[in-house]
Amino acid sequence: MSRYPTLNQFNRPPIVVSDNDVLSGRGVNIAAHPGNERFRTLITTRADETYCEGYSATEKKAVSEEIIHHIASLDPPGRFLKREGRGQVSRGLNGPWEELSRKEALKKTCQALRDCNRGDRETYANGVAAPEDVKVVADEIATGAATQGVSLKDLAARSVVESSERTQEKLREAMQEAGVPDDQIEEQLKRQRADPTYVIPGFAETSQGTFAPISNPGYGHQPSIMEMMGPDGVPVQHQVVLPMPGQMPGLYSQYPHPAMDMPPIDPVAVAAARAAAGYVHPNDFEKQK
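Everything numeric here is computed off the predicted structure, so don't read it as measured data. (Residues numbered from 1 in each chain as written. Predicted model: local features only at pLDDT ≥ 70, side-chain atom pairs only at ≥ 80, totals over all residues. Heavy atoms only, no water.)

(A) Just helix α6 (residues 102-116), in detail. With 15 residues, α6 should cover 21 Å at 1.5 Å per step; its first-to-last C-alpha distance of 21 Å lies within 8% of that length. Of all the positions in α6, only Arg102, Ala105, Leu106, Thr109, Cys110, Ala112, Leu113, Asp115 and Cys116 are classed as buried. Looking at the buried side of α6, the elements it contacts are α3 (34-44), α4 (51-54), α5 (57-72), β2 (80-83) and β4 (203-205). (Helix = DSSP H or I, 4+ residues; strand = E, 2+ residues; numbered from the N terminus. Expected span 1.5 Å × (residues − 1). Buried < 20%, exposed > 50% of the residue type's maximum accessible area, 1.4 Å probe, protein only. Contact = heavy atoms within 4.5 Å.)

Okay, structure coming up:
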C-alpha cells in the first residue's frame, strides 16, 4: 500500500483495536496484546510433531482456517490487523490499522503453526494463560483423543471437510445475492468441490471469510462510478462519486484555445472584410504587378 493517504482512507473511520484482534508487528506490546496471546495459545492446541511432514497442504490450510474461524466467532469478532502504510512506526500499539486480507491471515496462521511445531520452538506460548474459549477447545480435543482415539491428524482431515462445506455455503449465498441463475450456481459449486483451488469467476473472498462479487456491471454496479477496490479485490463502500477517465477534463479542455474552440472561418466573409479594408495579400499584390 502507498504511504500516501488515498481517498478511501479519508472516508472510512479508523479501526479501533479490541482485545480479540490479532496484531502484526514486533515488540513486547504486540506480544502481550490479549488477542495475540489468545492466538498463540490457540495455536498450541494443534501442536503435533507430525504436522510439518505428515500433514498435506490442504490439511494445513484447513487447520489455519479453523483457527481464523474461531477468532472471527468471538464477541466482538476478532480481526487480523497490520499497520496502515509503510511510513508508520513498527513497534507499540500505535495505528492507524488496516485489516489483513484473507490470504495474508492464512499465511500468518500457517507460519505460526509451523513455528509451534518446530523442535526448537517448544516454548512457543510458555507463560501465557489460555482464555476460557481456548480452554474449551483444548478440552474438546483432549476428550476426543481419550474417548474416541481421535488424533490431531484426524481432526485436520475433518477440518478439510468442514472448511469445504462452509466455503460452499458462503459461495452459494454470495451468488444467490448477486442474482446468478440456480443452474450456474450448481455448476460452479460442482467445479469447486472437484477442485478446491478453483476460483469461481467474478467472486473474491473477503477478509471476513465471506464472498462478494468483484466490480462488474452485470451484478448491478453503476458503470459511471469509479469503484475503489479493497485488499481482497472487492469494491469498497464509499460516498464519493468519481468521474470516469473519459469524463475528466484535460488541461486543454479547461481553457479556451483559438485553434480548437473558435467557430470555423468563413472564407467569403474574410474576403469581403479584406476588400472593405483595402487590404491586399502579398501574393495577390505580386499577381497584380
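(B) Structural detail: the packing of α5 against helix α8 (residues 152-177). Packing of α5 against α8 leaves a shortest axis separation of 8 Å and a crossing angle of 70 degrees. Judged on the interaxial angle alone, α8 and α5 are roughly perpendicular. The segment α5 lies against α8, with Thr58, Glu59, Ala62, Val63, Glu65, Glu66 and His69 engaging Lys153, Ala156, Ala157, Ser159, Val160, Glu162, Ser163 and Arg166. (Axes fitted to C-alpha atoms, helices over the stretch in contact; angles between N-to-C directions. Parallel < 35°, antiparallel > 145°, perpendicular 65-115°, else oblique.)

(C) Just the environment of lysine 153, in detail. When you line up the elements, lysine 153 lands in helix α8. Distance from lysine 153 to lysine 60, taken between C-alpha atoms, is 9.8 Å for residues 93 residues apart in sequence. Residues in contact with lysine 153, not counting those within four places in the same chain, are Asp48, Gly54, Tyr55 and Glu59.

(D) Highlighting the pattern of salt bridges. By the definition in use, this model includes eight salt bridges. The partner of aspartate 21 in a salt bridge is arginine 79, and the shortest N-O contact between them spans 2.8 Å. In this pair, aspartate 21 sits in the loop between α1 (7-11) and β1 (22-23) while arginine 79 sits in the loop between α5 and β2, placing the two residues 58 residues apart along the sequence. Of the residues examined, arginine 79 reaches a relative accessible area of 22% and is grouped as partly exposed. Taking the shortest distance from any N to any O, the salt bridge between arginine 172 and glutamate 186 comes out at 2.6 Å. Here arginine 172 is found in helix α8, whereas its partner glutamate 186 is found in helix α9 (residues 182-194), with 14 residues between them in sequence. (Salt bridge = Lys/Arg side-chain N within 4 Å of Asp/Glu carboxyl O.)

(E) Spotlight on α9. Taking 1.5 Å of rise per residue, the 13 residues of α9 would be expected to cover 18 Å, and the 19 Å separating its terminal C-alpha atoms lies within 8% of that figure. Every buried residue of α9 is accounted for by Ile185, Gln188, Leu189 and Gln192. Angularly, the buried residues of α9 cover 100 degrees about the axis, an arc narrow enough to put them on a single face. Residues of α9 that are exposed and point over 90 degrees away from its buried face: Asp183, Lys190 and Ala194. Against α8 lie the buried residues of α9. (Arc of directions from axis to C-beta.)

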